[in-house]
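What follows is the residue order along each chain.
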Amino acid sequence: MTLSAPPATLARIVTVARAGSLTHALALFRAAGFDRADHDPAALAVAGRLAKDQALRAPAAERPALLARAAAAYAAADALAPQPYTRINQATLTWLAGDHAGGEDLARAVLAWLDTGNHPPETPYWLAATRAEALLLLGDRVAAGQWLGQAIARQPDAWEDQAATLRQLGLILVAQGTDPGWLDAYRPGRVIHFGGHLGIADTAAAALGTRVEAVLAEHRVIAGHGALAAGADLVVAAALLARGAELHVVLPTAPESFVAQSVAPYGGFWVELYRRVADAATSLQGVTTLGGDYQPLANRLAADVAMGAARLHAHRLETAAVQVLVTDSAGPGYGQGTATAYLGERWCQTAGAGGAGQTCLAEPRSAPVAASGTKPAEGRRDLRLMAWLYLAPTPATGPSDAAFAAQVDDALTPLLHRLDAGPRPDVMLSAADGVIAGFAEVELAWDYAALALAGADPQVCVAGHYGLVHAIAAGGATTFAGATLARLEPLRRAALPGVLLASDTLAAALCVGHSHDLLVEEIGEDDGGALYAIRRRPDQ
């Protein structure tokens, strides 16, 4: 059957543009007739946003004209419905387009207008941030800093809004030839990934917690991502909650199985602490539904997701990510814990991916690891941890008739020829309107997706997921099954041309090593969780 496309509302168009599928957003904007809606201030404001996005991607020589077009669209929107955000965008974009005198005049007019109080209602944060932006355009960094500080003080937890302001002010500072490091004093506190060993007695928890609290205070930590095993995990998680930080929990299994494997064998103190911490967590997810014995690959999946989620969270807030580990010995390395060593080594191997370092707290093992917590070297033979990509030519409407099938055939040949130059998938499967490629290394999956997305002819939709699959050997061949593969079809239906549409687990895993060179934008959710659009940063 043919699947109908979502209606081209302005909200949908902004979502598509935010995802990075700008060509598609512009096509939807025109197809819906919004490019002719000269008396609709909302449509004109979106036109300004789209032109700005085009400008930021365009070669330097083409950028001024696009920025001027964006400024004109915001000016037209403001003439119909004056708003602080339309006026300050007109001023900033005019200045960035090269008309410094015009942009500064508009900035002065914004400040004078705000002084009158005769303007539409706006949040205290945005009113102060708008003043800061206008003052920075006028070159008054002292006053701009004062108002930016006031904005943050008025809504200290408005981190997403603060990040948007930091990005906008960063554009101005770069254009002024000023070091964007000036903004560092106004960035939110840091985000951490945390982990460590199990062998901590309940009598040692309080003293370790005091040391952890000092580290969190030093980094002004506002959020943390990790698991909740007895010992180090729970001590750090409790310290995060005590300082009012967000706690995002990533477990390798469903919570009941996790408690049975990694909490209950260590005693009632840890079970009670787990319950209190889990109930207060900002989010809690199990990345598999496995039960029974400990499975190393499930732990690795959870570790990858938690590390990447911390880096993604930090980038979204325009701040830095730090890893906090509790090791069982001081000195080089990470002690005897193989799981802790994986976390520490993986984080440091990808230190250029947006981290701000690593802090290790040495805490000797003061309690034995329970027999049920002994970790076998290998898990089940049928399990594989893989990243999967579903690649199909656009339009992404699904199979319908023979004519469509012929179009798919015509498009697949050049696509597969282009992909021959990329990394070799570990597994290739056929799909109704494309191909499915599986990779044991998540970084190779991104390289493959980027190569597919780089071609203009044919343009493709790429959707991906990262998780455990069952590898079933029969008759000399191996087949693959499980929820991870089943997840690909709904992701495929939501895919957009020009970007990788990724599940939350794939987006996080890619951010472990690539958060510095990828733009990752959450664009919605479905029954399987959050959806992310991923593309390469324009300057990479």
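Just so it is clear, the structure is predicted and the values come from calculations on it, not from any experiment. (Residues numbered from 1 in each chain as written. Predicted model: local features only at pLDDT ≥ 70, side-chain atom pairs only at ≥ 80, totals over all residues. Heavy atoms only, no water.)

1. Notes on the overall build of the protein
Here's step 1: Scanning the protein for helices and strands turns up 20 helices and 14 strands.
Here's step 2: Taking the principal axes of the C-alpha coordinates as reference, the protein spans close to 70 × 65 × 35 Å.
Here's step 3: Among the 540 residues that make up the protein, the fraction classed as buried is 51%.
Here's step 4: Once local pairs closer than 6 in sequence are excluded, the contacts in the protein between residues at least 24 apart make up 72%.
Here's step 5: Total accessible area on the protein stands at roughly 22800 Å², and carbon and sulfur atoms take up 54% of it. (Helix = DSSP H or I, 4+ residues; strand = E, 2+ residues; numbered from the N terminus. Buried < 20%, exposed > 50% of the residue type's maximum accessible area, 1.4 Å probe, protein only. Contact = heavy atoms within 4.5 Å. Areas by Shrake-Rupley, 256 points an atom, 1.4 Å probe, with all protein chains shown as cover.)

2. So, the packing of helix 6 (residues 100-116) against helix 7 (residues 124-137)
Here's step 1: Their axes nearest at 9 Å, the elements helix 6 and helix 7 cross at an angle of 150 degrees. When the axis of helix 6 is compared with that of helix 7, the two are roughly antiparallel. The way helix 6 lies across helix 7 gives a crossing that is left-handed. On the side of helix 6, the interface is formed by Glu104, Ala107, Val110, Leu111, Leu114 and Asp115, while helix 7 contributes Leu127, Thr130, Arg131, Ala134, Leu135 and Leu137.
Here's step 2: Here the residues of the contact of helix 6 with helix 7 are counted per class, giving eight nonpolar, one polar and three charged. (Axes fitted to C-alpha atoms, helices over the stretch in contact; angles between N-to-C directions. Parallel < 35°, antiparallel > 145°, perpendicular 65-115°, else oblique. Left-handed = near helix turned anticlockwise from the far one by under 90°. Nonpolar A, V, L, I, M, F, W, Y, C, P; charged D, E, K, R; others polar.)

3. Topic: the nonpolar core
Here's step 1: Core analysis: the biggest nonpolar cluster contains 46 residues, and Leu389, Leu391, Val462, Leu500, Leu506 and Ile534 have the highest contact counts within it.
Here's step 2: Here this core takes eight residues from helix 17 (residues 442-454), the largest share from any one element.
Here's step 3: Contact partners of Val462, with chain neighbours within four places excluded, come to Leu389, Tyr390, Leu391, Ala449, Ala452, Leu453, Ala495, Val499, Leu500 and Leu501.
Here's step 4: One finds Ala230, Leu240, Phe258 and Ala281 within the second-largest nonpolar core, a separate group that totals 40 residues. (Core = buried A, V, L, I, M, F, W, Y, C linked by side-chain atoms within 4.5 Å.)

4. With respect to the pattern of salt bridges
A side chain with one charge may pair with a side chain of the opposite charge, provided their charged atoms come close.
Here's step 1: Throughout the structure, instances matching the rule amount to 19 salt bridges.
Here's step 2: A salt bridge links Arg18 to Glu521; its shortest N-O distance comes to 3.0 Å. With Arg18 in helix 1 (residues 10-19) and Glu521 in strand 13 (residues 518-526), this residue pair connects regions lying 503 residues apart in the sequence.
Here's step 3: Residue classification places Arg18 among the partly exposed residues on the basis of a relative accessible area of 29%.
Here's step 4: Residues Arg424 and Asp420 are paired through a salt bridge, measuring 3.7 Å at the closest nitrogen-oxygen approach.
Here's step 5: With a relative accessible area of 58%, Arg424 lands in the exposed category.
Here's step 6: Look at Asp420 and you get partly exposed, because its relative accessible area is 46%. (Salt bridge = Lys/Arg side-chain N within 4 Å of Asp/Glu carboxyl O.)

5. A word on helix 14 (residues 296-316)
Here's step 1: Here helix 14 contains 21 residues, and its C-alpha end-to-end distance of 30 Å stays within 8% of the 30 Å for a straight helix at 1.5 Å per residue.
Here's step 2: For helix 14, the tally of buried residues reaches 15 of 21 residues, placing the bulk of the element in the interior.
Here's step 3: Positive phi shows up at Glu318, right after helix 14, with a value of about 60 degrees. (Expected span 1.5 Å × (residues − 1).)

6. Description of unusual backbone geometry
Glycine aside, negative phi is the norm for most residues, and most peptide bonds take the trans geometry.
Here's step 1: A positive phi angle, near 50 degrees, is found at Arg220, a position not held by glycine.
Here's step 2: Note on Arg220: relative accessible area 45%, which makes it partly exposed.
Here's step 3: Positioned with a positive phi, Glu318 is a non-glycine residue whose angle comes to about 60 degrees.
Here's step 4: Secondary-structure assignment places Glu318 in the loop between helix 14 and strand 5 (321-327).

7. What about the environment of Glu318?
Here's step 1: In this structure Glu318 comes out as partly exposed when scored by relative accessible area, which is 24%.
Here's step 2: If near-sequence neighbours (up to four positions away) are discounted, Glu318 is found in contact with Ala163, Leu166, Arg167, Arg187 and Pro188.
Here's step 3: In this structure the side chain of Glu318 is engaged in a polar contact, spanning 3.4 Å, whose partner is the side chain of Arg167. (Polar contact = N/O pair within 3.5 Å; in protein donor to acceptor, adjacent residues only side chain to side chain.)

8. Thoughts on the packing of aromatic side chains
Here's step 1: Scanning all chains against the criterion turns up six aromatic pairs.
Here's step 2: Centroid distance Phe269 to Trp270: 4.9 Å. Interplanar angle 85 degrees. Geometry classified as edge-to-face.
Here's step 3: Among the residues examined, Phe269 registers a relative accessible area of 35% and is labelled partly exposed.
Here's step 4: Centre to centre, the rings of Trp388 and Phe480 are 5.7 Å apart; their planes meet at 65 degrees, and the pair counts as edge-to-face. Note that Trp388 is positioned in strand 7 (residues 383-393) and Phe480 in strand 11 (residues 477-481), a separation of 92 residues in sequence. (Phe/Tyr/Trp six-rings, centres within 6.5 Å; stacked < 30°, edge-to-face > 60°.)

9. Things to note about the environment of Ala463
Here's step 1: Residue position: Ala463 is located in strand 10 (residues 460-474).
Here's step 2: Taking the C-alpha atoms as reference points, Ala463 and Arg487, separated by 24 residues in sequence, lie 9.9 Å from one another.
Here's step 3: Sequence-distant contacts of Ala463, that is, excluding residues within four places in its chain, are made with Trp388, Leu389, Tyr390, Leu488, Leu491, Arg492, Ala495, Leu500 and Leu501.

10. Digging into helix 20 (residues 504-514)
Here's step 1: The buried count for helix 20 comes to 10 of 11 residues, which makes it a mostly enclosed element.
Here's step 2: Of all the positions in helix 20, only Thr505, Leu506, Ala507, Ala508, Ala509, Leu510, Cys511, Val512, Gly513 and His514 are classed as buried.

11. Considering the pairing of strand 5
Here's step 1: The element strand 5 is largely enclosed, with a buried count of seven among its seven residues.
Here's step 2: Of the two faces of strand 5, the one holding Ala321, Gln323, Leu325 and Thr327 and the one holding Val322, Val324 and Val326 are both buried throughout.
Here's step 3: Across six bridges, strand 1 (residues 191-196) lies against strand 5 in parallel orientation. Each residue of the ladder has a partner; that of Phe194, found in strand 5, is Val324. (Pairing = 2+ DSSP bridges.)

12. A word on the packing of helix 5 (residues 84-96) against helix 9 (residues 159-176)
Each pair of packed helices can be described by the angle between their axes along with the distance between the axes.
Here's step 1: Two elements in contact, helix 5 and helix 9, have axes whose closest approach is 10 Å; the angle formed by their N-to-C orientations is 25 degrees. Taken together, helix 5 and helix 9 sit at an angle that is classed as roughly parallel. Handedness of the crossing formed by helix 5 with helix 9: left-handed. Residues Asn89, Thr92, Trp95 and Leu96 of helix 5 form the contact with helix 9, whose participating residues are Gln168, Leu171, Ile172, Ala175 and Gln176.
Here's step 2: A per-class count over the contact of helix 5 with helix 9 returns five nonpolar, four polar and no charged.

13. Remarks on the side chain of Gln162
Here's step 1: By secondary structure assignment, the location of Gln162 is in helix 9.
Here's step 2: Within the local environment of Gln162, its side chain forms a polar contact with the backbone oxygen of Pro156, the two atoms lying 3.3 Å apart.
Here's step 3: Beyond its immediate chain neighbours, meaning those up to four positions away, Gln162 contacts Tyr125, Ile152, Gln155, Pro156, Asp157 and Pro188.

14. Notes on the pairing of strand 2 (residues 223-226)
Here's step 1: What you see with strand 2 is no split at all: Ala223 and His225 on one side and Gly224 and Gly226 on the other are buried throughout.
Here's step 2: When strand 1 meets strand 2, the two strands line up parallel, connected through three bridges. Residue pairing in the sheet places Val191 in a bridge with Ala223 of strand 2.
Here's step 3: As judged from the four bridges shared by strand 2 and strand 3 (residues 246-251), these two strands associate in the parallel manner. Looking at the pairing, His225 lines up with His248 of strand 3.

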